[in-house]
Structures are given as structure tokens and as C-alpha cells.
Amino acid sequence: MRARRTTLAVVALLTTLGCAIPAAAASHAARTAAAPAPAVPTALPPATYQTVAQDVAITMDDGVQLAATITFPSRDGKTVAPGRFPVVFSMTPYGRKAMCSCGDQTTYPSRGIVSAVVDTRGTGGSEGNLDGNYFSPREARDGYDLTEWFGTQPWSTGKVGMMGGSYVGITQYLTAEQQPPHLAAIAPQVALADLYRDGFTHGGIPNIFFDAQYIAVQGGPGLATPNGPNQVPLTVQAKIDQVLSTPIALAYLARPNDDAFYQQRSPYYQADKITVPVMILDGWRDGFIRGAVEMYHALAGRTDAPTYLHVDPCTHKGCGAPFDPETNPSNLDDEAAIQYAFLSHYLCAPTASCYTASVGSPPVRYYVQGAGHQQDAQTWPPTNQALTLSLVRQKMTAARPAATGTESYRTNPTSGLSMTFDDYGTMAASPYVPTDQRLEDGHGLTWRTAPVTAPVTIAGPTELHLVASSTSTDTDWIAKLADVAPDGSETLISSGYLRASQRQLDPARSLPGAPYHTDTDPQPLTPGHFYDFDIEIWPTAYHLAPGHSLQLRLTSIDVPTHAPVAISLDTTALGSTALEVTPLLPATNTVREGGPDATTLRVPVQGATGGL
């Protein structure tokens, strides 16, 4: 879960002159407050300072010391500039002097905002261990203490913000939920909302490709990196603490279903406690996009603080080589400039050393894949119409046959291999390499619309209402939406997942097009009995060109991404651990088509339907 860049997005707040300008400029800002809102920033403002960094140890409320590197504005590159400055900081488990995933630490200080990076407890140069595991309530309390420390230093204005992505974004949500008084704004990137549903499993199916790359080796980078040469005693104590940590993988494997452990570590469950402005950045090909949209929904209704959402077409680590070599459009927003504008807007006061501008773009800005442009909206999903398509004999159509029929397929252990290098692996170590989905022909069942007669934009989550049975007591449903070009090539648009035994819905948390499952009490299937399954195909914004068709393929195995097994870990037997892996049995799965209780696909369409 490394951050992909030092960026965030969406608001066009403008700070064209940086965080250090004459007092006359501040009064000019006040005089022009009613002027038209500025355009989306296209570049960072010019740097006005040099920088100088210092290593410090910050003591938490329980006495544990966390190692931090603080970079200050400097006039000569050797000493800290006089005066008070706002602060932006990040909490990283990856070693602040190694992988970090915190971005360039000179960007903000060279423009008049102090920047800091802190090793989370039990990692890097910080004391403590990981027995409470990542995203724990203990770590959230550390975020509170750090915010207040930065907000009360003699060189601080008292306004503190947070930035960074993935893990470094999740800690922002959890810190904001503690409501530290000096926190002014957060800018989380590519960050999950729900640890169980966005990380460990998808629809109750173990996300094994991500788990194997990430969870099992999560402590490695932080354990391997020390402090600077002036902090040797702290490093020695930190490494003693860290090697005594309990391996993080055990905590997840021991909990195959959702419970309080995951909920305590998931930002979604206390999102109502976040009262500061939030800017959320993600990408349509990021494995946490579901979580980004869910956090937007949880926060967008606030009346005391704004929420912004910016989505590009990229993966967890951005666009372009080496992690996303096939996606690198030239017309992407400058997200570093947008992030800087957002944070400086809320951190800088209209004084002699700071400049503030007004919000200049709608709350939501997203990239339309296929069309190749950004689009603004007042909310997500944008205003659209929900088309309900019936799935009958390889076709998707608005007409619903009155007669009931069925189609069946046999589960195939090689299904999914065409997408070995998927967007979930990109969150850890492997690249994203999308392939032509014709490689999946012959697996499962496939339905396709007629070629559209006019451009069609899909914007939002797509929901599959599946009516099906299995010869097994459990099976997985893997739903893949694709764009079929006139030459027959198939481009993956988005996917959805559900383990059949985790089919129970929670109506209170479900949204139109986005069903939510409790994932607490799996119920086996009765072989041969038909059940209703509601499957969310993750949100996207995608343009279908005239002559192209929309396709849905349903399979039951998606290796190596998702494991067709049930995993549990017994940690109670004589103090030892016993890993139990139970494969799902091969099965024949049957889908009901037509009739009053038919299998249907709900598609969110903007504007023209193009004959769908």
C-alpha cells in the first residue's frame, strides 16, 4: 500500500504565489474575495525558500518516542527561517529515510509550509512494536499526539494538515477521527475505507494476491531502516522493540469474517467524527477505489466542512512505467498543484506570510476513460439514469422475456489467469498489465449488448442481480465488465466479487448500485436451490464509442488474485497456531434467465443510452 505520488486532488483553490508573500498581497486577496473562482491550478507556485531538515524524537502520551524528520523553510539552506509556519505531516510505516511513500519533502517548505515525516510506532526509527497491528486505536492516538505537538511548537502557526497516500492516507482518516484541535485539513490518497472489504477480502473472497505481497511482508521496510547518525540510542531501542512484534499476517488469517478488529481499523466506521475539510484522490485502476468512493459518500453530506473527490485513470502507484506501462495520458491534471492549493487554502491565514484563495471547482472531478478527459460534477455518482438489462442467452437487452430459462457452467481452475498482473497487485509490488479479455473466452458465461449507436458514458457502480444455484455448498461469483470493440477485442472496465455464503445484505449500508454484505455469518448453499445474489461491480467512469458493445462475463475462479479457498487460523490450541485452508469444491453453477425473478444488470448511464 505505498503511496503513488505526492499528490492529491480536486479542488481548484488557488495559491499562485505560494505561502510567503508581502502583506499587500494578503490585503489584495481580501479585496478580491468576491472575484470569479480561479481555474484548476496547472502548476505549483514558485519556490520562495531554501530548506533545512532536522531529526527529532517526539514523545507520545505513553512515553514511546517516535522518530521524525522535519524540513523547515530556510533563507540560507543552513538555518531555520524566523517566524511561524503552518505544518503538513505524514505518518509512514515504510521508513521515513527509505521507501517512505511520502513524496518530496522540499515541496512545501520551499513555499513556506513546514513538512514532517514520522515513522509509525514499531517501524523505522520509532520505538514500540506492532502487537496492536497497523491502523490500531493506539496508532490513531499517536496521530492525535503528533498533530498537537506540531501545532504547539514555537515555529508553528497552530494550523496542521496531513498528506500522503495508501497507508499514509489511511492514518489521516484515523487521526482526523480523534479530532485533534490543531488539525485543519487532510488530503488522503489511494486510501481504503474498510480494511476487511477493500483489503483482506473482496465480497468475502480472500484477496490472496494482495495479501501474499503485502500483509505477510508489511513490517519489512520499516524494520530494515534506522534513524540518522545523531539518533543511534533511539535506533537501538527501536529495533529491540520491533523484532518482538507479532507478525501481522496472523491477525488477519485468524479472522476470515468481518468483526470488531477490522472495524476498529477501518476509517468508515467513525467517519462521522471527521470535521475538517477533506480532499480524496484515487484512480479508477487502483485496488482501493471502492473505499475512496465509500469515504466520499460518508463525508460528502457534512455541513460543517467540504469534501472533494478527484479520480484519475491510474493505478495505486500512478500512471506510466514501471507499474502502469500501458496507461499514461498526457492530459492529466497536475495533482501536486491541486493538492498544494487545497492544503495551503486551509492552513495559511491571510497574513504577511501567507496567501489564501477561494475554492474554484466543483466537489467532484473525475476522468472518463475511453473519452480521455476530466469531467466535473456536484456529487458522485453524477446525475444519470439506471438502465436495467436482462441477461438471456449470451445477450444483454432492455427487454425482459416472460419465459424462464437457465444456463450453466463448470468451474474452471484456470479462470482469471489472464489478469495475473491486476490492479490489486499494483498496490504492493507487481505491475498492472491489462490483457485482452478474449483470453477468458470459454470460461463461465458471457452476455453482450448489441453495438451502441451513439456514445455511452457509464458513471457509477454497476450492480449485478444474480439468480443462481450451485451443486456445491459454496462458490465464488466473479463478474467482469468489458468493452468489446468492433474488431472483437475486449477491454476490461471493472469487476465485482461475492462469495456465495456471504450473500446476506445489510440494507442500512447498501446504496443504489452498491449492495453491502454483512460478511459476519456465512451461510452454506443448499445444492440445487436458487438464491438471489447482489454483486457490486466497482465504480468507474467509462466511455463506450459507437459500434462498441458492453459485455459481462461471470466466472467462479479468479486466480491468482482471489483464492477459491476458505482460510482460518486457530491460535488457541496450546498457544500454537494451526492454519486451515479448505478449497471450494468444483461445481456446476446455473444462472436463471427471464421470468419475474430474473438475472439483471443495473448500469448507470449519463445522457444518451446509445440503444443499450
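The structure we're discussing is the one just above.
A brief structural summary.

Procedures and definitions
Residue numbers restart at each chain and count upward from 1, following the sequence in its written direction. Selection of residues for local features in this predicted model requires a pLDDT of at least 70, selection of side-chain atom pairs for listing and counting requires 80 or more, and totals for whole chains, interfaces and linings are taken over all residues. Side-chain calculation: all heavy atoms of the structure are included, whereas hydrogens and water are not. Put simply, DSSP marks the helices as runs of H or I at least four residues long and the strands as runs of E at least two long, and each gets a number from the N terminus on. Each residue gets one of three labels from its accessible area relative to the maximum for its type: buried under 20%, exposed over 50%, partly exposed in between, using a 1.4 Å probe on protein chains only. By the convention used here, residues are in contact when the closest approach between their heavy atoms is within 4.5 Å. Pairing of aromatic rings covers Phe, Tyr and Trp, the last counted by its six-membered ring, and requires centre-to-centre distances within 6.5 Å; plane angles under 30 degrees mean stacked, over 60 mean edge-to-face, and any other angle means tilted. Only when the NZ atom of a Lys or the CZ atom of an Arg is both within 6 Å of the ring centre and within 35 degrees of the ring normal do we say a charge sits over the ring. Here a polar contact is taken to be a pair of N or O atoms separated by no more than 3.5 Å, where protein atoms must pair a possible hydrogen donor with a possible acceptor and residues adjacent in sequence count only if both atoms sit in side chains. Here a cavity means grid points, on a 1 Å grid over the protein atoms only, where a 1.4 Å probe fits yet cannot get out; a pocket means an open set of points with protein on both sides within 12 Å along at least five of seven lines; lining residues are those with an atom within 4 Å of a point. Grid points are joined across faces, edges and corners, and a volume is the space filled by probe spheres set on the points. Lys, Arg, Asp and Glu make up the charged group, whereas Ala, Val, Leu, Ile, Met, Phe, Trp, Tyr, Cys and Pro make up the nonpolar group; the residues left over, Gly among them, are polar. Pairs of cysteine sulfur atoms within 2.5 Å are identified as disulfides in what follows. What makes a nonpolar core is a set of buried Ala, Val, Leu, Ile, Met, Phe, Trp, Tyr and Cys residues whose side-chain atoms join them at distances within 4.5 Å. Think of it this way: DSSP has to see at least two bridges between two strands before they count as a pair. Every angle, taken between N-to-C directions, lies between 0 and 180 degrees, and every axis is a line fitted to C-alpha atoms, over only the stretch in contact when it is a helix.

**With respect to the overall build of the protein chain**
Link 1 in the chain: For the protein chain, the count of helices and strands is twelve helices and 25 strands.
Link 2 in the chain: Here the protein chain holds 612 residues, and 60% of them are scored as buried.
Link 3 in the chain: Contacts in the protein chain between residues far apart in sequence, at least 24 positions, make up 79% of those at least 6 positions apart.

**Side note on the packing of aromatic side chains**
Link 1 in the chain: For the structure on display, the rule yields 27 aromatic pairs.
Link 2 in the chain: Where Tyr-268 meets Tyr-269, the ring centres are 5.6 Å apart and the plane angle is 90 degrees; that geometry is what we call edge-to-face.
Link 3 in the chain: Assessed through its relative accessible area of 28%, Tyr-269 is described here as partly exposed.
Link 4 in the chain: Here Tyr-424 and Tyr-497 contribute two aromatic rings whose centre-to-centre distance is 6.1 Å and whose plane-to-plane angle is 70 degrees, an arrangement assigned as edge-to-face. Of this pair, Tyr-424 sits in the loop between strand S15 (405-410) and strand S16 (445-448) while Tyr-497 sits in strand S19 (residues 490-499); the two residues are 73 residues apart in sequence, bridging distant segments of the chain.
Link 5 in the chain: Tyr-424 gets classed as buried once you look at its relative accessible area, which sits at 3%.
Link 6 in the chain: Classification of Tyr-497 by relative accessible area gives buried; the value is 7%.
Link 7 in the chain: Among the aromatic residues, those joined into a cluster by ring pairs are Phe-72, Phe-89, Trp-149, Phe-150 and Trp-155.
Link 8 in the chain: One cation-aromatic arrangement involves Arg-255 over Phe-261; the distance from NZ or CZ to the ring centre is 4.1 Å.
Link 9 in the chain: In this structure, Arg-509 is placed above the aromatic ring of Tyr-268, and the distance from its NZ or CZ to the ring centre is 3.7 Å.

**Quick look at the environment of Val-88**
Link 1 in the chain: Considering the arrangement of structural elements, one finds Val-88 in strand S3 (residues 85-92).
Link 2 in the chain: Under the relative-accessibility criterion, Val-88 is labelled buried at 1%.
Link 3 in the chain: The spacing of Val-88 and Lys-159 is 71 residues in sequence and 8.7 Å in space, taken between C-alpha atoms.
Link 4 in the chain: Beyond its immediate sequence surroundings of up to four residues, Val-88 is in contact with Tyr-108, Ile-113, Val-114, Ser-115, Ala-116, Gly-161, Met-162, Met-163, Leu-343 and Leu-347.

**Some thoughts on the environment of Arg-285**
Link 1 in the chain: With respect to the helices and strands, Arg-285 occurs in the loop between strand S9 (278-283) and helix H11 (289-299).
Link 2 in the chain: Remark: the alpha-carbon pair of Arg-285 and Pro-313, spanning 28 residues in sequence, is separated by 6.2 Å.
Link 3 in the chain: Excluding residues within four positions of it along the chain, Arg-285 makes contact with Pro-313, Cys-314, Thr-315, His-316, Gln-369, Asp-423, Tyr-432, Leu-492, Ile-493 and Tyr-542.
Link 4 in the chain: For Arg-285, the side chain forms a polar contact with the side chain of Gln-369, separated by 3.0 Å.
Link 5 in the chain: Of note is the side chain of Arg-285, whose polar atom sits 3.0 Å from the backbone oxygen of Leu-492.

**Considering the layout of surface pockets**
Link 1 in the chain: The calculated volume of the largest pocket comes to roughly 400 Å³.
Link 2 in the chain: Considering the residues around the largest pocket, the lining is formed by 23 residues, among which His-297, Pro-461, Leu-511, Pro-512 and Ala-514 are closest to the centre.
Link 3 in the chain: Sorting the residues of the lining of the largest pocket by element identifies H11, strand S20 (531-544) and strand S25 (600-606) as the ones contributing at least two each.
Link 4 in the chain: Considering each element in turn, the lining of the largest pocket owes the most residues, five residues, to H11.
Link 5 in the chain: Considered as a void within the structure, the second largest pocket measures approximately 330 Å³ in volume.

**Overview of empty space enclosed by the protein**
Empty space among the atoms becomes visible once a probe the size of a water molecule is rolled across them.
Link 1 in the chain: For the structure on display, the rule yields four cavities of 30 Å³ or more.
Link 2 in the chain: Along the wall of the largest cavity there are 20 residues; nearest its centre are Asp-423, Tyr-424, Leu-492, Ser-495 and Tyr-497.
Link 3 in the chain: For the lining of the largest cavity, the secondary structure elements donating two or more residues are S19 and S20.
Link 4 in the chain: Of the residues belonging to the lining of the largest cavity, the class tally is nine nonpolar, five polar and six charged.
Link 5 in the chain: Roughly 160 Å³ of volume is contained in the second largest cavity.

**Observations regarding the state of the cysteines**
Link 1 in the chain: Taken as a whole and judged by the stated rule, the model has one disulfide.
Link 2 in the chain: Two residues, Cys-314 and Cys-319, share a disulfide whose sulfurs are 1.9 Å apart. Judged by the sign of its S-S torsion, about -100 degrees, the cystine formed by Cys-314 and Cys-319 is left-handed. Just as Cys-314 is buried, Cys-319 falls in that class too.

**What to know about the nonpolar core**
Among soluble globular proteins, nonpolar side chains are generally buried collectively.
Link 1 in the chain: Counting residues in hydrophobic clusters, the biggest one holds 74 residues, and the most contacted among them are Phe-89, Leu-146, Phe-150, Tyr-173, Ile-280, Tyr-366 and Trp-380.
Link 2 in the chain: With six residues, the top contributor of residues to this core is H11.
Link 3 in the chain: Among all residues touching Phe-150, those that are not within four sequence positions of it are Ile-58, Ile-70, Val-87, Phe-89, Ala-116, Val-118, Trp-155, Ser-156 and Val-160.
Link 4 in the chain: Within the second largest apolar cluster, 34 residues are counted, among which are Leu-387, Tyr-531, Leu-544 and Val-603.

**What about the pairing of strand S13 (residues 385-392)?**
Link 1 in the chain: As judged from the six bridges shared by S13 and S25, these two strands associate in the antiparallel manner. Residue pairing across strands places Leu-389 opposite Leu-601, the latter belonging to S25.
Link 2 in the chain: Both S13 and strand S14 (residues 395-397) contribute to a ladder of three bridges, which runs antiparallel. Each bridged residue has a counterpart across the sheet, and for Val-392 the counterpart in S14 is Lys-395.

**A word on the sheet that holds strand S11 (residues 364-368)**
Link 1 in the chain: Spatial strand order, S1-S2-S4-S3-S5-S6-S9-S10-S11-S12: ten strands in an open sheet with mixed pairing. Strands at the two margins of the open sheet, each flanked by one partner only, are strand S1 (50-59) and strand S12 (373-377). Along the sheet, successive strands turn relative to each other by an average axial angle of 20 degrees, direction set aside.

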